[in-house]
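# Structure at a glance
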Amino acid sequence: MGTADDVERAIEGQTVATFLRRNATEFGDKPALSKGWGPAEVTTLTWAQLREQIAALAHGLAELGLAKGDRMLIMSTRRPEHWISDLGASHVGAISCTTYDTLSTEQIAFVARHSAAPVVVIEGAEQIDRWSAALPRLSALRKIVVIDESAVPEGDARFVSYREVYEKGAAKHAADPSIFEQLTDAIEPEQPACIIYTSGTTGDPKGVVVSHRNVLYQAAAADVVHPLPMHGKSVAYLPLAHIAERILGIYLPIYKAGHVTAVPDHTQLIPALHGVRPFGLFGVPRVWEKMAAALQGGLAAMPEEQRAAVQTARDAALEVWQLGSEGKPVPEDLAARAKALDEKALLPIRTMLGLDQMTRGNSGAAPIPVSVLDFLAGIGIRVLEVWGLSETTGAATQNIPTSYRVGSVGRALPGVEVKVGDDDELLVRGPIVFTGYLQEDGSIKPDVDADGWYATGDVGRIDEDGFVYITDRKKELIITSGGKNIAPAKVEGLLRAHPLISQAVAIGDMRPYVTALIVLDDEAAPQWAQARGIPTDNLAGQPAVLEEIEKLVQQANSVLAQPEQIKKYKVLTQTWTPESGEVTPTLKLKRRVIGDRYAEAIESLYH
């Protein structure tokens, strides 16, 4: 494992812009950014081409009046123009910010007013519909750049097509390419690179400002602890409004001159994996839970002889996984046997998923059930947990293949310190801690104590080997009317481990006991029912489904302490989505929204 000095040497004096120039100069013909993944539909920009397009758009944005220190919002799916807009703004010294594409008009108005962005880039008609109602309240907004030219409204001078901005900038860049080199040289490592608006699970979103040094330190540290391939292939399918995808989809590929394929819709992940065969994959827990549920269904449908062979291979893979988690050496004969069985029985399964080239899988943003990690490891899909926040520029701790503990979120990155503070709250200090929160007047206000520690709001512990374990969010702890402190994530994780369950929320703050609302998975639950000959209409009312959930609750209660146990629960018919408002775009629970929306159902559980 490398040291903080190794990280510092790798990024000393560098910015995102200088690494981009390096890529265009040294790896100009290498693929950088692709759209599409089927043989007949792929369009790819090389590093040289990508930088030329970024230069053109940077000049075009400057012509619109975007200047150093300004904020620029982007609302678009993942497409090359998104990357080009983001990095173009960065080169003129503006601070780019991708907003979640699911924001309502009211949420758009909040972020746009708070950021005071003079320029925004949006994709097309669907985004225009939601922005239009907010426009009268956005006095600072001067220009709206629309990627889909056909959607530009007529007669409104504020709207301009992306193509027009690009072409004007391209003409200026062609006239004097040295100007762009001057822009590149003018950027400093401590300068803001982007803003991440937090998802607002407990209140209004905050604008987290991270610097070029923050994002490059994160990228270099990830490479030092678990070396990444140069020019490695990856897919970007999560929102670029989330710090994880910004690091994995923008900054890490720039640092390693990687090849990113933009996946506009997360539902296209599996075909994208088939076409790209990435070296790694990051997912929020629900991504891995749904993958595990699908694999469980596939295994159950296998002929008995084939299923037995797979089970033998899974047993060996799981034994190796568990030894690694315990920090014990793997006997040579077991390693050789597991490898041979894997190639024969498990590799074909991973190939079917497009994960046959995957050497690193990670989960973050929320707790993931250990049972899901163990199941996937038994297929040869090793998913290691990481932990961090937007305020820590992504991962502060990370499990790696040579040093991991299942159930933990790993050790601190080189140069990063983590300690337990008051009320068991985890504190972080180091080069990844953000510069501060954006204020409405445009200033940036740090949020660390006098010694540089950032209070994360996460509750946890650190074992004697330095592995960090997250218990819960400090603000989300349930304190029952009897004074018992209960971590809802522990209860919820046990319920979500079943393929029938999409989401679960534990309730009990200032209540006599713990209850739960349970949401069925709209994809896996019908498949589970069909496989058992159960009607798929009104699944939440089917006796066989309710019987299975009752078994699950009792199983969860068997491993929970008495105060943590679920006394009553209700199975809901509605699906929770970012659009419906109960979860964030990264599928974190919006507990306040759920509490308000289901107040009557919750009250019924206490009578």
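Here the structure is shown first, and the text comes after it.
Since the model is a prediction, treat every value here as computed from it, not as a measurement.

If you tally the helices and strands in the protein chain, you get 20 helices and 27 strands. Scaling as 2.2 N^0.38, a compact globule of 607 residues should have a C-alpha radius of gyration of about 25 Å, and the protein chain matches this with 25 Å. Along the first, second and third principal axes, the C-alpha atoms of the protein chain reach 70 × 60 × 55 Å. Across the 607 residues that make up the protein chain, the buried fraction comes to 55%.

What follows covers the packing of helix 2 (residues 16-26) against helix 3 (residues 47-63). In the contact formed by helix 2 and helix 3, the axes pass within 7 Å of each other and the chain directions differ by 135°. With respect to each other, helix 2 and helix 3 are oriented oblique. With respect to the hand of their crossing, helix 2 and helix 3 are arranged in left-handed fashion. On helix 3, the residues touching L20, R21, N23 and A24 of helix 2 are W47, A48, R51 and I54.

Where a strand is regular, its side chains alternate between the two sheet faces. As paired elements, strand 1 (residues 31-35) and strand 2 (residues 43-46) share 4 bridges and run antiparallel to each other. What sits directly across from S34, in strand 2, is T44. The sheet contact formed by strand 1 and strand 11 (residues 259-262) spans 3 bridges and is parallel. Bridge pairing in strand 11 places L33 opposite V260.

What follows covers the pattern of salt bridges. One pass over the full model with this rule turns up 33 salt bridges. Across the pair K256 and D223 runs a salt bridge, and its minimum N-O distance is 3.2 Å. One end of the pair, K256, is in helix 10 (residues 243-256); the other, D223, is in helix 9 (residues 212-225), with 33 residues separating them in the sequence. Where E326 meets K328, a salt bridge forms, and the shortest distance between an N and an O atom there is 3.2 Å. Since its relative accessible area comes to 46%, E326 is described here as partly exposed. A residue is classified by how much of its surface remains accessible, and K328, at 47% relative accessible area, is partly exposed.

Attention shifts here to the sheet that holds strand 15 (residues 394-398). Two orientations exist for strands paired in a sheet by backbone hydrogen bonds: parallel and antiparallel. Taking strand neighbours across the sheet as the criterion, the 5 strands line up as 12-13-14-15-16 in an open arrangement whose pairing is mixed. If you trace the sheet from one side to the other, it starts and ends with strand 12 (280-283) and strand 16 (411-412), each paired once. Note that strand 14 (residues 383-389) and strand 15 share 4 bridges and pair antiparallel. Residue G388 lies in a different strand from strand 15, and its bridge partner there is A395.

With that settled, consider the sheet that holds strand 22 (residues 468-473). Taking strand neighbours across the sheet as the criterion, the 4 strands line up as 17-18-21-22 in an open arrangement whose pairing is antiparallel. Edge strands, defined here as strands with exactly one partner in the open sheet, are strand 17 (417-420) and strand 22. Ignoring strand direction, the axes of neighbouring strands in this sheet form an average angle of 50°.

Quick look at the side chain of H173 now. Assignment of secondary structure puts H173 in helix 7 (residues 162-175). In this view, H173 contacts E52, A55, H59 and F180; residues no more than four positions away in its chain are not counted.

Below, the discussion takes up the environment of V160. Tracing the backbone shows V160 in strand 7 (residues 159-161). By relative accessible area, which is 8% here, V160 ends up buried. V160 sits 157 residues away from T3 along the chain, and the two C-alpha atoms are 48 Å apart. When neighbours within four sequence positions are excluded, V160 is seen to be in contact with L64, I144, V145, V146, V152 and V165.

A few words on the pairing of strand 13 (residues 360-363). Residues R360 and N362 point to one face of strand 13 and G361 and S363 to the other, with burial holding for every one of them. Two elements, strand 12 and strand 13, share 4 bridges in a ladder whose sense is parallel. Considered in strand 13, the bridge of F282 is made with N362. Sheet topology places strand 13 next to strand 14; 3 bridges connect them, and they run parallel. Following the sheet pairing, N362 is matched in strand 14 by L384. The parallel pair strand 13 and strand 14, bridged by helix 15 (residues 370-377), forms a crossover whose chirality is right-handed.

When you line up the elements, S403 lands in the loop between strand 15 and strand 16. On the basis of relative accessible area, S403 is assigned to the buried category, the value being 15%. For the pair S403 and H91, spaced 312 residues apart in sequence, the C-alpha to C-alpha distance is 38 Å. Each residue touching S403, except ones within four places of it in the same chain, is listed here: R411 and F467. Within polar-contact distance, the side chain of S403 engages the side chain of R411 at 2.7 Å.

Cut-offs used in this document
- Residues numbered from 1 in each chain as written.
- Predicted model: local features only at pLDDT ≥ 70, side-chain atom pairs only at ≥ 80, totals over all residues.
- Heavy atoms only, no water.
- Helix = DSSP H or I, 4+ residues; strand = E, 2+ residues; numbered from the N terminus.
- Rg over C-alpha atoms; globule rule 2.2 N^0.38 Å.
- Buried < 20%, exposed > 50% of the residue type's maximum accessible area, 1.4 Å probe, protein only.
- Axes fitted to C-alpha atoms, helices over the stretch in contact; angles between N-to-C directions.
- Parallel < 35°, antiparallel > 145°, perpendicular 65-115°, else oblique.
- Left-handed = near helix turned anticlockwise from the far one by under 90°.
- Contact = heavy atoms within 4.5 Å.
- Pairing = 2+ DSSP bridges.
- Salt bridge = Lys/Arg side-chain N within 4 Å of Asp/Glu carboxyl O.
- Right-handed = clockwise from strand over helix to strand, strands pointing away.
- Polar contact = N/O pair within 3.5 Å; in protein donor to acceptor, adjacent residues only side chain to side chain.

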